[in-house]
Amino acid sequence: MLDNSRLRIAMQKSGRLSEDSKKLLTQCGIKINLHEQRLIAFAENMPIDILRVRDDDIPGLVIDGVVDIGIIGENVLEEEVLSRQAEGQQPQFKMLRRLDFGGCRLSLAAPRDFDYQGPQCLDNLRVATTYPHLLKRYLNQYNVNFKTCLLNGSVEVAPRAGLADVICDLVSSGATLEANGLKEIEVIYRSKACLIQRDGTLSSDKQALIDKLMTRIQGVIQARE
Ligand code: PRT
Ligand code: ZN
């Protein structure tokens, strides 16, 4: 039986957001033991359970009300929202705040010798991406017809492998594009990690705990600036 009185927070189990998410929660005074391979970690000093999952699952867990709070990249959140809207749903959640880590941009990139003159150049080309809805929203603004090649990893090798003409992928330093003979041609979305809360009213105890955590997070982030 699930204990509904404890605040449930979802964070990425292992990946680029894990360490910073863990650090943020720890700096807020939550004592958590995360060094096992466990899906759930229980805070020792507060009524909080930490759910550690793939980042892609976090927006859905919050939107579906399975967890109370999630730490997630805005890119993954926005893609999930657009995907659900495309299916006729109206996904609801509360944006608590943007965080100060996980910064990256979703960009279009093309082979170095591609003569890029604007989004219209992409008409009728095939674009490899993990973010088909964010890509579609961007290119629809320019009435560009395009085909997608959906990949969940190794997007940057798609042009060389003959799977796509260009790519739409996350970039931070640009080193991956460079190493794969690609150049960034358009930034379509800028992202950071963020904190979201499920829609609806929580118990007053839970809401008071969230409010306390938000005050502490504000302090932690301000101290780092
Ligand atoms: O296993 P799980 O599904 O949980 O993790 P994942 O492999 O899907 O995601 P992960 O851990 O790679 O990234 C989690 C989140 O971190 C992303 O959704 C972004 O919000 C954020 N983030 C920040 C990044 C990057 N920077 C980033 N550079 N996510 C991915 N990258 C990748 C990018 O896809 C490309 O392969 O890094 C490469 C580019 O980096 P540069 O520095 O060479 O430009
Ligand atoms: Zn993922």
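Provided above is the structure to which this section pertains.
About the criteria used
Residues numbered from 1 in each chain as written. Chains lettered and ligands numbered in written order. Predicted model: local features only at pLDDT ≥ 70, side-chain atom pairs only at ≥ 80, totals over all residues. Heavy atoms only, no water. Core = buried A, V, L, I, M, F, W, Y, C linked by side-chain atoms within 4.5 Å. Buried < 20%, exposed > 50% of the residue type's maximum accessible area, 1.4 Å probe, protein only. Contact = heavy atoms within 4.5 Å. Helix = DSSP H or I, 4+ residues; strand = E, 2+ residues; numbered from the N terminus. Pairing = 2+ DSSP bridges. Expected span 1.5 Å × (residues − 1). Salt bridge = Lys/Arg side-chain N within 4 Å of Asp/Glu carboxyl O. Axes fitted to C-alpha atoms, helices over the stretch in contact; angles between N-to-C directions. Parallel < 35°, antiparallel > 145°, perpendicular 65-115°, else oblique. Left-handed = near helix turned anticlockwise from the far one by under 90°. Donors = N, O, S within 2.8 Å, 3.2 Å for Na, K, Ca; no water. Tetrahedral: all angles 85-135°; square planar, octahedral: opposite > 155°, others 65-115°. Near = heavy atom within 4 Å. Polar contact = N/O pair within 3.5 Å; in protein donor to acceptor, adjacent residues only side chain to side chain. Areas by Shrake-Rupley, 256 points an atom, 1.4 Å probe, with all protein chains shown as cover. Nonpolar A, V, L, I, M, F, W, Y, C, P; charged D, E, K, R; others polar.

This part covers the nonpolar core. Generally speaking, a soluble globular protein has its nonpolar side chains buried in company with each other. In this structure, L108 and L122 are the most contacted members of the largest nonpolar core, which totals 34 residues. Setting aside residues up to four positions removed in sequence, L108 forms contacts with L122, V127, L135, Y138, L139, I167, C168, K183, E184, I185, E186 and I188. In terms of nonpolar packing, the next biggest core, distinct from the first, is built from 29 residues, I50, L99, M214 and V220 among them.

With that settled, consider the pairing of strand 6 (residues 104–111). Of all eight residues that make up strand 6, seven are buried, and the element is covered over most of its length. In this sheet, strand 10 (residues 182–191) lies alongside strand 6 in antiparallel orientation, the contact comprising eight bridges. The residue of strand 10 that forms the bridge with A109 is E184. In this sheet, strand 9 (residues 166–171) lies alongside strand 6 in antiparallel orientation, the contact comprising five bridges. Looking at the pairing, A109 lines up with I167 of strand 9.

Over its 13 residues, helix 3 (residues 74–86) runs 18 Å from end to end, which matches the ideal 18 Å to within 8%, given 1.5 Å per residue. Within the sequence span of helix 3, burial applies to E74, N75, V76, L77, E79, V81, L82, S83 and R84. Following helix 3 by one or two positions, G88 has its phi on the positive side, about 90°.

This paragraph deals with the pattern of salt bridges. Enumeration over the complete set of coordinates arrives at eleven salt bridges. D100 is the salt-bridge partner of R224, the closest N and O atoms lying 2.8 Å from each other. Of the two residues, R224 sits in helix 6 (residues 204–224) while D100 sits in the loop between strand 5 (93–98) and strand 6, which places them 124 residues apart along the sequence. Judged by relative accessible area, R224 falls into the partly exposed class, the value being 33%. Salt bridges sharing common partners tie together D64, E80 and R84.

Helix 6 packs onto helix 1 (residues 18–27) with a crossing angle of 115° between their chain directions and a minimal axis gap of 9 Å. Relative to helix 6, helix 1 is oriented roughly perpendicular. Helix-helix and strand crossings are classified by hand; for helix 1 and helix 6 the assignment is right-handed. Along the contact surface, helix 1 presents K23, L24 and Q27, while helix 6 presents I217, V220 and R224.

We now examine the coordination of the zinc ion (ligand 2). Looking at the metal site, the zinc ion (ligand 2) is ligated by D55 (OD) and D56 (OD), spaced 2.0 to 2.1 Å from it. Around the zinc ion (ligand 2), the four donor atoms are arranged such that angles at the metal cover 76 to 171°; this shape is classified as irregular.

When two helices pack together, their arrangement is given by the angle between their axes and by how far apart the axes lie. Their axes nearest at 8 Å, the elements helix 3 and helix 4 (residues 132–140) cross at an angle of 80°. It follows from the interaxial angle that helix 3 and helix 4 lie roughly perpendicular. The residues of helix 4 that touch helix 3, namely those facing N75, E78, E79, L82, S83 and A86, are P132, H133, L134 and R137.

Near ligand 1 there are 22 residues, and of these R54, N75, S173, G174 and T176 occur at the shortest range. Within the backbone of D55, an N or O atom sits 2.9 Å from an oxygen atom of ligand 1. Take N75: an N or O atom from its side chain is 2.7 Å from an oxygen atom of ligand 1. If ligand 1 stood free it would expose 830 Å²; the protein chains cover 79% of that surface. Within the residue set of the shell around ligand 1, elements represented by two or more residues are helix 3, strand 9 and helix 5 (175–179). Here the shell around ligand 1 takes three residues from strand 9, the largest share from any one element. Looking at side-chain class alone, the shell around ligand 1 contains six nonpolar, eleven polar and five charged residues.

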